[in-house]
Amino acid sequence: EDGPKATYPLHIINWKEALHTHSRTMNNRWLMEFHGDNEVWINTNRAQTLGIADGDLVTVENQYASAKARARVTARIHPDVVGMTHGFGHWGLGPVARGKGINDTQFVPGKAERISGMAAHKDGAVRVFK
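A few points on the structure. (Residues numbered from 1 in each chain as written. Predicted model: local features only at pLDDT ≥ 70, side-chain atom pairs only at ≥ 80, totals over all residues. Heavy atoms only, no water.)

### Focus: the sheet that holds strand S2 (residues 40-43)
Then, number 1: Pairing is mixed around the closed barrel formed by 6 strands, whose spatial order is S1-S5-S2-S4-S3-S6. Across this sheet, the average inter-strand angle for adjacent strands is 45 degrees, counted without regard to direction.
Then, number 2: In this structure, S2 lies alongside strand S5 (residues 81-85), joined through 2 bridges in antiparallel fashion. From the neighbouring strand, tryptophan 41 faces S5, where its bridge partner is glycine 83. (Pairing = 2+ DSSP bridges. Helix = DSSP H or I, 4+ residues; strand = E, 2+ residues; numbered from the N terminus. Axes fitted to C-alpha atoms, helices over the stretch in contact; angles between N-to-C directions.)

Take a look at the structure:
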């Protein structure tokens, strides 16, 4: 298969962590002790096909960005989807957050959803490799 789907076969999604409030609490030392990084979740079967094991440092990449993250191999995500907690990977707002995790929004196009006008946070596609 040719085209974008062949190059970037995985949809990328994000979700909010119950411990954190967007990116503002990534500078709270106490909360970061509980959840201080955002791994990229990848399906167990897909990870096996790609030769990725739980905890491996992988590259998440598309036409907009490329970044390194730890793989969290799990059956709790669809085989055609990867995902991560939103709010990590920013460089401002203090020293605790700096260098922790990757910014999930760098992989989505800067556009609005056609009907609602909301940011199209679920419109990204990526490839993941070791």
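### Some words on the nonpolar core
Then, number 1: Ranked by internal contacts, the top residues of the largest apolar core, which has 18 residues, are Val60, Val82, Phe107, Val126 and Val128.
Then, number 2: Only strand S1 (10-15), S2, strand S3 (57-61), strand S4 (66-74), S5 and strand S6 (124-129) provide two or more residues apiece to this core.
Then, number 3: Sorting elements by how many residues they give to this core places S4 first, with 3 residues.
Then, number 4: Among residues more than four places away in sequence, those in contact with valine 126 are Tyr8, Pro9, Leu10, Ile12, Val60, Glu61, Asn62, Val82 and Phe107.
Then, number 5: Met32, Phe88, Val96 and Ala97 belong to the second largest nonpolar core, which has 5 residues in total. (Core = buried A, V, L, I, M, F, W, Y, C linked by side-chain atoms within 4.5 Å. Buried < 20%, exposed > 50% of the residue type's maximum accessible area, 1.4 Å probe, protein only. Contact = heavy atoms within 4.5 Å.)

From the geometry alone we can't say anything about function, so treat these as descriptive.
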